Structure formats: C-alpha cells, structure tokens
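# Structural overview
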Amino acid sequence: PLLAERFAPGELSRILLTHYHMDHVQGLFALRWGVGEAIPVWGPPDERGCDDLFKHPGLLDFRPSLTPFVPHLFGALQVTPLPLQHSKLTHGYLFDWHGARLAWLCDTCGLPPDTEDFLAGQRIDELVIDCNDPPSPVARNHNDLTRALAIVDRLAPRRAWLIHLSHQMDNWLANNRLPESVYAAADGLTLSLSADDPVTV
C-alpha cells in the first residue's frame, strides 16, 4: 500500500530515502498533500530529485543530506549513511538500535570500496541486500545472486535477507536453495533487532 494508506496521520515522524528513482519515492507523491505536522525527509544529495517533489513538497520537509560514514542520532536510533553503486546517487544505511545492528544495502551493484571497508570487520546482526537477479555474468545497477552472496560472505552478518527480487529471481528461488542464514525477504517482513523493540523495515 501507499505510505498515505499504510500510516495514520501523525504516525510518520521521519523518512530516510535511499535514492530518487520512482519505485522508491512514489509513495511520497500522495503523502505530500496530507495534513498535519511537516515530516522531515533525508536522502542523498541529488539536486534533481524526482519529478517535482522538491518544487512542491507539501508537508514533506526535505533536509540537507546526512554525511556518509558519520553516525546521526534520532533518539535511541543511530543511523550511518553508506554510499552505494547504482545508476542514480544512492545511500544505504547502517542502523544501530540499542547495540543491535542492521545494514540496509539497496539498490546497489557491488559495493564502493569505502563502504565495504567501513563495514568490514564490524558486527552486523541483519544484512538486507539487493539481489535483483539470479546468477548472471552481465549484472548491472543491481546485484545478481553471485555478487550478493559474495558481499554476504565478506561482511559475515548473523543473517542476510535478499530484497529487490525480480520475477526471474523468484523463479530461481522456486527451484534452488540459498546458503544457511541467507533468506529471501517478503513484503511486510518485520525484523526484531531486540527482544522488546521490533523495528519494521
């Protein structure tokens, strides 16, 4: 469902964007004409944004971008932006919630060296990673399974979740098995980063 249908008025306190491709911001177009308090929005510093969102933001309060690799606090939630490799300027995020850590890496084709160096050796409880395609020698803009699993191996999270799955990837999953501790995510999935505080991603 659209953001305006999924959340009640006043329920959204802030929005973090990965990038300004339409499939990642289309929910903002209806949400901006809502009523109530302004909703702060952070994303990568893309001057073009998407269509006329910047020109006519409505109740969306677009803020200066968060600095990559620098932790930012939103109450008890620590958020660190991570540059990714995509056809448009894109950020992933490392979330730290009371010491539990989730890395959100979508959309990307491989990882920039600085991002991989930053994450290497850090404890990651949950890794959510772009895996658009089954194994493919010509993957671009999005990870294929081979590239996604190589990132999982290098970062060694407790669990990894494959997202941004194409129909071709769905077909592959119907006939093949993933490695241990690697799962295909589904719409509506909720990951709990601590016993008492579930976080929906």
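What this report covers is the structure whose coordinates are included nearby. No experiment lies behind these values; they were computed from the predicted model shown.

## Thoughts on the side chain of T108
In this fold, T108 is placed in the loop between β7 (100–105) and α3 (113–119). A polar contact is formed between the side chain of T108 and the backbone nitrogen of Q85, at a distance of 3.1 Å. Ignoring sequence-local partners within four residues, the contact set of T108 consists of L84, Q85, D130, N141, H142 and N143.

## Some thoughts on the nonpolar core
Ranked by size, the top nonpolar core spans 21 residues in total, and within it L105, L119, L127, I129, L155 and L162 carry the most contacts. Broken down by secondary-structure element, the contributors of at least two residues to this core are β7, β8 (126–130), α4 (145–155) and β9 (159–163). Sort the elements by how many residues they give to this core and α4 lands first, with six residues. For L105, the residues in contact, after removing those within four places along its chain, are L82, L84, L111, L119, L127, V128, I129, D130 and L155.

## Points about the environment of H98
You can see H98 is positioned in the loop between β6 (91–97) and β7. In this structure H98 comes out as exposed when scored by relative accessible area, which is 55%. Separated by 22 residues in the primary sequence, H98 and A76 place their C-alpha atoms 6.8 Å from one another.

## Examining the environment of P40
Summarising the element assignment, P40 is placed in strand β2 (residues 39–42). You can call P40 buried: its relative accessible area is 12%. As a C-alpha pair, P40 and D61 span 21 residues in sequence and 4.5 Å in three-dimensional space. With residues up to four places along the chain from it excluded, the contact list for P40 reads S13, R14, I15, D61 and R63.

## Examining the side chain of T18
One can find T18 in the loop between β1 (15–16) and α2 (22–31). Judged by its relative accessible area of 9%, T18 is buried. Side chain to side chain, T18 and H19 meet in a polar contact 2.8 Å long. Contact partners of T18, with chain neighbours within four places excluded, come to H24, P44, L89, T90, H91, Y93, W104 and C106.

## Side note on the sheet that holds β9
With mixed pairing, seven strands are arranged side by side in an open sheet as β4-β5-β6-β7-β8-β9-β10. Among the strands making up the open sheet, the edge pair consists of β4 (72–74) and β10 (182–184). Here the strands of the sheet are splayed against their neighbours by 20 degrees on average, with no regard to which way each runs. Both strand β5 (residues 77–83) and β6 contribute to a ladder of seven bridges, which runs antiparallel. Its bridge partner lying in β6, P81 is registered against Y93. Sitting on the sheet, α4 touches β7, β8, β9 and β10, and the angle it makes with β8 is about 155 degrees.

## Focus: α4
Here α4 has its buried residues at L145, A148, L149, I151, V152 and L155. End-on view of α4: buried residues confined to an arc of 155 degrees, all on one side of the axis. Where α4 is buried, its residues touch β7, α3, β8, β9, α5 (167–175) and β10. Positive backbone phi, approximately 50 degrees, marks A156, located one or two places after α4.

How each quantity is defined
- Residues numbered from 1 in each chain as written.
- Predicted model: local features only at pLDDT ≥ 70, side-chain atom pairs only at ≥ 80, totals over all residues.
- Heavy atoms only, no water.
- Helix = DSSP H or I, 4+ residues; strand = E, 2+ residues; numbered from the N terminus.
- Polar contact = N/O pair within 3.5 Å; in protein donor to acceptor, adjacent residues only side chain to side chain.
- Contact = heavy atoms within 4.5 Å.
- Core = buried A, V, L, I, M, F, W, Y, C linked by side-chain atoms within 4.5 Å.
- Buried < 20%, exposed > 50% of the residue type's maximum accessible area, 1.4 Å probe, protein only.
- Pairing = 2+ DSSP bridges.
- Axes fitted to C-alpha atoms, helices over the stretch in contact; angles between N-to-C directions.
- Arc of directions from axis to C-beta.

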